[in-house]
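The primary structure of each chain is shown beneath.
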Amino acid sequence: MAASTIPNPPPSKQLLATAKEYDFYKVVQDYLERAAKVAKIEPYVSTILSQPKNELIINFPVRMDSGEVRLFKGYRVQHNNLLGPFKGGIRFHPQVSLDDVKALAAMMTWKSSLMRLPFGGGKGGIKFDPHSVSRSELQRVTRRFTHALGENIGPEYDIPAPDVGTNSQTMAWMMDTYSNMVGSAQKQSVRGVVTGKPVASGGTLGRTKATGQGVVFCILEWAKERGFTLEGSTMSVQGFGNVGSHTAVILSKLGVSTIAVGDHTGYLYNPEGFNAHKLQDHVAAHGSIAGYPGGKPITREEFFATKADIFAPCALENQIGESEAKSLDVKLVAEGANGPCNPAGERILLDKGIEILPDVLANSGGVTVSYYEWVQNKRSEAWTEEEVDARLEVGMKRAYREVSDFARQKKCDMRVAAYAIALQRIEAVYREREIFP
Ligand code: NAD
């Protein structure tokens, strides 16, 4: 069949439902400026950090199963590498855009710094719906993008990981492609080019659940600080993918009952509490919560109005705006997702006395365990899951304490505190190294 070039199909109505006018990058910039004031950061440091170091856009062709050639748009934004190699996930989603990737890349810089990791920040993605292509097409898209990225990634330069729409299988394809681009003698030493790999291919135990596990360690610290008893409490979760499902499963072991869940296909309610393990298995088998027999379908509005102790947004950015924030009847919002609250929504939540564990802190377990994977790859070691979890617990709880103490001392919210601590560490290095030439 003669090859023709066709545009990507438009995103589904459901995926577009929340894509209102919203400039994620400006939102992150605003937090940067506010935190810089609180932490009295040298203006030239904020100026440097206000833009990413490198922005890469790659249009690349892939032959589809039908024989047609489709053009894909991929991004990799490298925000900052002062503290170490650029580090951050790869997202496959129809709404991926340069500005969103820039925002997410900057947030990775803050997370790495807050968690004291020797990494900078980066993020990437391809603008398409991974659920709309076959497995072999998905593999070709992934491999072709990795090849096109070429020397723009590397275990000592820029290290991708999973994010929305990607997983350990995606990372296995990326690593395999990259290792076929280097000389035979280097194949083993470049396994650390991506993290979040399957364990048998050089991944680490504990990485798949790491982000959810980190969210839970933060919630535990918050509960301890507030004297709140988790056992017997309730939660709602938006997004039941990697982060949302693991957060729910781990919390269920601590006696927290998930009573409302939602994903891109809809929302479900069960006042008795979902069996988080079974729901996770259902999503693994069917790709979404749709068709799960254990809950009653509810609307998005009803989901946000469900009374619970904790709400864990674990889907996408810009999900909690004014109306959602007004509806929410919870004590705590634990941000598993990046940027789930927009500024208007956040303001309302804080005014209502609802506490927020900010993304930069709450979901940094993923990059932290990615760092452990990278270290194991370098040392040819394999740590036990208990060791990974124990290290993560120490790291998350320390970061929580620092953010909480800073927020109290400076009378700012926890998000500004998290940004401020991250900025102070970066500023200290700029002061020492100064600006070349
Ligand atoms: P995932 O692809 O595994 O899951 C995403 C979930 O969001 C799915 O359940 C999907 O159905 C749902 N979703 C998508 N669009 C939606 C919509 N319009 N309305 C409601 N639900 C919708 O992705 P993930 O890795 O779990 O990532 C989720 C969030 O966590 C993202 O913001 C991501 O950046 C962030 N995050 C992920 C990691 C990680 O290690 N995977 C680390 C840190 C932060």
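Residues numbered from 1 in each chain as written. Predicted model: local features only at pLDDT ≥ 70, side-chain atom pairs only at ≥ 80, totals over all residues. Heavy atoms only, no water.

1. Some details on the overall build of the protein chain
Counting its secondary structure elements, the protein chain contains 16 helices and 13 strands. For the protein chain, the C-alpha radius of gyration of 21 Å lies close to 22 Å, the compact-globule estimate for 437 residues. Taken along the three principal axes of its C-alpha coordinates, the protein chain extends 60 × 55 × 45 Å. Across the 437 residues of the protein chain, 58% fall into the buried class. Residue pairs at least 24 apart in sequence account for 70% of intrachain contacts in the protein chain once pairs closer than 6 positions are excluded. In the form shown here, the protein chain has an accessible surface area of approximately 18100 Å², with 53% of it arising from carbon and sulfur atoms. The averaged location of the 48 negative side-chain charges in the protein chain is 2 Å from the averaged location of its 51 positive side-chain charges. (Helix = DSSP H or I, 4+ residues; strand = E, 2+ residues; numbered from the N terminus. Rg over C-alpha atoms; globule rule 2.2 N^0.38 Å. Buried < 20%, exposed > 50% of the residue type's maximum accessible area, 1.4 Å probe, protein only. Contact = heavy atoms within 4.5 Å. Areas by Shrake-Rupley, 256 points an atom, 1.4 Å probe, with all protein chains shown as cover. Lys, Arg positive; Asp, Glu negative; His and termini not counted. Charge placed at Lys NZ, Arg CZ, Asp CG, Glu CD.)

2. Looking at the state of the cysteines
The full count for this structure, using the stated rule, is zero disulfides. Cys218 forms no disulfide, and the closest cysteine sulfur to it belongs to Cys314, at a distance of 12 Å. Cys218 provides the cysteine sulfur closest to Cys412, a residue in no disulfide bond, and the two sulfurs are 16 Å apart. (Disulfide = S-S within 2.5 Å.)

3. Quick look at the site of the ligand
Residues in contact with the ligand amount to 24 residues; listed here are only the nearest, Asp163, Thr211, Asn242, His264 and Asn338. Contacts to the ligand include Gly165, whose backbone N or O atom sits 3.0 Å from an oxygen atom. In this structure, an oxygen atom belonging to the ligand sits 2.6 Å away from a side-chain N or O atom of His264. For the ligand, whose unbound accessible area comes to 810 Å², protein coverage reaches 90%. Grouping the constituent residues of the shell around the ligand by class yields ten nonpolar, ten polar and four charged. Two domains each put at least three residues into the shell around the ligand: domain 1 (51–201) and domain 2 (210–357). (Near = heavy atom within 4 Å. Polar contact = N/O pair within 3.5 Å; in protein donor to acceptor, adjacent residues only side chain to side chain. Nonpolar A, V, L, I, M, F, W, Y, C, P; charged D, E, K, R; others polar. Domains from an automatic or database assignment.)

4. What to know about the nonpolar core
Within the largest apolar cluster, 87 residues are counted, with the highest numbers of intra-cluster contacts made by Trp110, Leu114, Ile219 and Leu357. At twelve residues, the largest contribution of residues to this core is made by helix H16 (residues 414–433). Of the residues that make up this core, three or more belong to each of domain 1 (51–201) and domain 2 (210–357). Contacts of Leu357, omitting those with residues within four sequence positions, involve Cys218, Ile219, Trp222, Leu332, Val333, Ala334, Glu335, Ala362, Tyr400 and Met414. (Core = buried A, V, L, I, M, F, W, Y, C linked by side-chain atoms within 4.5 Å.)

5. Details of the packing of aromatic side chains
On inspection of all chains with the given rule, the structure shows 19 aromatic pairs. Here Phe92 and Phe128 contribute two aromatic rings whose centre-to-centre distance is 5.1 Å and whose plane-to-plane angle is 55°, an arrangement assigned as tilted. Of the two residues, Phe92 is situated in strand S4 (residues 86–93) and Phe128 in the loop between strand S5 (121–127) and helix H5 (135–149); the sequence distance between them amounts to 36 residues. Since its relative accessible area comes to 2%, Phe128 is described here as buried. A centroid spacing of 6.2 Å and a plane angle of 40° characterise the contact between Tyr371 and Trp374, whose relative ring orientation is tilted. Of the two residues, Tyr371 and Trp374 both sit in helix H14 (residues 365–379), three residues apart, roughly one turn of that helix. Classification of Tyr371 by relative accessible area gives partly exposed; the value is 22%. Since its relative accessible area comes to 8%, Trp374 is described here as buried. (Phe/Tyr/Trp six-rings, centres within 6.5 Å; stacked < 30°, edge-to-face > 60°.)

6. Details of the confidence of the model for the protein chain
Any segment with low pLDDT has predicted coordinates that should not be analysed in fine detail. Per-chain confidence: the protein chain averages 95 in pLDDT, with 95% of residues scoring 70 or above. In the model, residues 1–19 has pLDDT below 50 throughout and makes 33 contacts with residues more than four positions away in sequence or in other chains. (pLDDT = per-residue confidence, 0-100.)

7. Notes on a nonpolar patch on the surface
Residues Tyr44, Ile48 and Ile435 make up a contiguous nonpolar surface patch of about 240 Å² in total accessible area. Position of Tyr44 relative to the elements: it lies in helix H3 (residues 43–49). (Patch = residues over 30% accessible without salt bridge, like charges linked within 9 Å, V, L, I, M, F, W, Y side chains within 5 Å. Salt bridge = Lys/Arg side-chain N within 4 Å of Asp/Glu carboxyl O.)

8. What about the side chain of Arg76?
Topologically, Arg76 is positioned in strand S3 (residues 69–80). Engagement of the side chain of Arg76 in a polar contact is seen with the backbone oxygen of Gly88, the distance being 3.1 Å. Side-chain polar atoms of Arg76 contact the backbone oxygen of Gly89, separated by 3.2 Å.

9. Regarding the packing of helix H8 (residues 242–252) against helix H9 (residues 276–286)
H9 packs onto H8 with a crossing angle of 155° between their chain directions and a minimal axis gap of 9 Å. When the axis of H8 is compared with that of H9, the two are roughly antiparallel. Between H8 and H9 the crossing geometry is left-handed. Residue-level inspection shows Ser245, His246, Ala248, Val249 and Ser252 of H8 in contact with H9, the latter providing Ala276, His277 and Gln280. The residue makeup of the contact of H8 with H9, split by class, is three nonpolar, five polar and no charged. (Axes fitted to C-alpha atoms, helices over the stretch in contact; angles between N-to-C directions. Parallel < 35°, antiparallel > 145°, perpendicular 65-115°, else oblique. Left-handed = near helix turned anticlockwise from the far one by under 90°.)

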